[in-house]
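Reading the structure
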Amino acid sequence: STQSEVYVPFAEIGDYPLSVEVTDSLGHKAIGEGVIRIVPGGASDLTVSATTAEGGDVLTYSLNVDNVGSSVPVASAAFMFPLPAGTSYVAHTGDGVTFDGSALHWSGSLASGSNLIATLDALVQDSGPSGTVVEAPVEFTMDGLIFTRTAVTTVSPPPAPVWLLYLPLVQR
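What counts and how
For every chain, the first residue of the written sequence is number 1, and numbering continues from 1 along that sequence. Per-residue local features are limited, in this predicted model, to residues with pLDDT of at least 70; the limit for side-chain atom pairs, both in listing and counting, is 80 or more; totals at the level of whole chains, interfaces and linings are taken over all residues. Side-chain measures were taken over the full set of non-hydrogen atoms in the model, leaving aside hydrogen atoms and water. In this description, strands pair whenever DSSP reports at least two bridges between them. Helix numbers and strand numbers start at the N terminus; a helix is a DSSP run of H or I with at least 4 residues, a strand a run of E with at least 2. Each residue is assigned to one of three classes by its accessible area relative to the maximum for its type, calculated with a 1.4 Å probe on protein chains only: buried under 20%, partly exposed between the two thresholds, exposed over 50%. Whenever a helix is involved, its axis is fitted only over the stretch in contact; in every case the axis is a line through C-alpha atoms, and angles between N-to-C directions fall within 0 to 180 degrees. Any carboxyl oxygen of Asp or Glu within 4 Å of a side-chain nitrogen of Lys or Arg constitutes a salt bridge here. Buried residues of nine kinds, namely Ala, Val, Leu, Ile, Met, Phe, Trp, Tyr and Cys, make up a nonpolar core once their side-chain atoms join them within 4.5 Å. Should any heavy atoms of two residues lie within 4.5 Å, those residues are considered in contact. Between the rings of Phe, Tyr and Trp (Trp by its six-membered ring), a pair exists once the centres lie within 6.5 Å; its type follows the angle of the planes, with under 30 degrees stacked, over 60 edge-to-face, and the other angles tilted.

1. As for the pairing of strand β9 (residues 103–110)
As judged from the seven bridges shared by strand β6 (residues 74–82) and β9, these two strands associate in the antiparallel manner. Residue pairing for β9: Val 74 is matched across the bridge by Leu 110. Taking the residues between adjacent antiparallel strands as the criterion, strand β8 (residues 98–99) and β9 are bridged by three residues, where Gly 101 takes a positive phi near 100 degrees.

Below is the structure:
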C-alpha cells in the first residue's frame, strides 16, 4: 500500500508474520519483519505527557485498558505501574485504581465495549547529568496473558541562572 497507515482485520486469534518495506523520498528503503500476536479481548497502552522534561516538571502517565473491539468480555484484567525512578508521587485518577506508596494498581473485569483509563502524575526530581532517562514500565495482565509497555522521558537539568552584575562607572 502507498498509505502511511493500513488497517487489516484479523479473523482469528493467533500469530501472524508481518513484513514492512518503506521507501523515503530519496529512494532509500528499509525493511522490517516481525510477528503480530492477536489475543482475545482487548488492548493496553501507556503514554507520557512529555518526552523531555526538567527537574521540577510534572509528568502525566496515562494508562488505557481497552475491550472496545471485542464481543468477548475480559474476565480478569490488571495492571501494576511502579512509580518511575527519579520521580515522586503527586496524584492519580481512575475508577478502582489505588496507589500503595510505590505503585499504581488496578484489577477487575472488562465487559465487551468497555475500557478503563487511569493517570499518574509524577514530579521529576532535580536531575543529575544531562540526558538522564526516566523509564516507566507497566505490566498489564489480561486473562492470563502478560504485556509490558514502557514510556520514556529524557530529563535535563534546568538552565543555569544568569546573574547580572552592574558596577558603577567611575571617571577620573
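2. Brief notes about the environment of Thr 98
Counting through the fold element by element, Thr 98 comes out in strand β8. Accessibility expressed as a relative area gives 44% for Thr 98, which makes it partly exposed. The sequence separation of Thr 98 and Met 80 amounts to 18 residues, and the corresponding C-alpha distance is 9.9 Å.

3. So, the sheet that holds strand β10 (residues 114–124)
Read from one edge to the other, the open sheet built from four strands follows the order β3-β5-β10-β7, with strand pairing classed as antiparallel. One side of each edge strand has no neighbouring strand; the edge strands of this open sheet are β3 (43–48) and β7 (87–93). Averaged over all adjacent pairs, the angle separating strand axes in this sheet is 20 degrees, with direction ignored. Pairing of strand β5 (residues 58–67) with β10 involves 10 bridges; the strand directions are antiparallel. Along β10, the bridge assignment pairs Leu 59 with Ala 122.

4. A few points about the pattern of salt bridges
Tallying each qualifying case throughout the model produces one salt bridge. Of the charged contacts in the structure, one is a salt bridge between Lys 29 and Glu 21, with a shortest N-O distance of 3.4 Å. Residue classification places Glu 21 among the partly exposed positions, given a relative accessible area of 48%.

5. Examining the nonpolar core
Residues Tyr 61, Leu 63, Val 65, Phe 79, Phe 81 and Trp 106 are the most contacted members of the largest nonpolar core, which totals 28 residues. Among the elements of the structure, β3, β5, β6, β9, β10, β11 (132–142) and β12 (145–156) are those that each provide at least two residues to this core. Beyond its immediate chain neighbours, meaning those up to four positions away, Phe 81 contacts Leu 46, Tyr 61, Leu 63, Ala 103, Leu 104, Leu 120, Ala 136, Pro 137 and Val 138.

6. Side note on the environment of Gly 94
Mapping Gly 94 onto the fold places it in the loop between β7 and β8. The exposure class assigned to Gly 94 is partly exposed, which follows from its relative accessible area of 27%. Residues Gly 94 and Leu 116 lie 22 residues apart in sequence; the distance between their C-alpha atoms is 7.3 Å.

7. Notes on the packing of aromatic side chains
Where two aromatic rings form a pair, the distance of their centres and the angle of their planes describe that pair. Counting across every chain of the model gives four aromatic pairs. Aromatic pair Tyr 61 and Phe 81: ring centres 5.4 Å apart, planes at 65 degrees, arrangement edge-to-face. Taken as a pair, Tyr 61 in strand β5 and Phe 81 in strand β6 lie far apart in primary sequence, 20 residues in all. Of the two residues, Tyr 61 and Phe 81, neither departs from the other in class, the shared state being buried. Taking the centre distance of 4.1 Å and the plane angle of 15 degrees together, the rings of Tyr 89 and Phe 99 count as stacked. Remark: Phe 99 occurs in strand β8 and Tyr 89 occurs in strand β7; sequence separation between them is 10 residues. Clustering of aromatic rings is evident, with ring pairs tying together Phe 79, Trp 106 and Phe 140.

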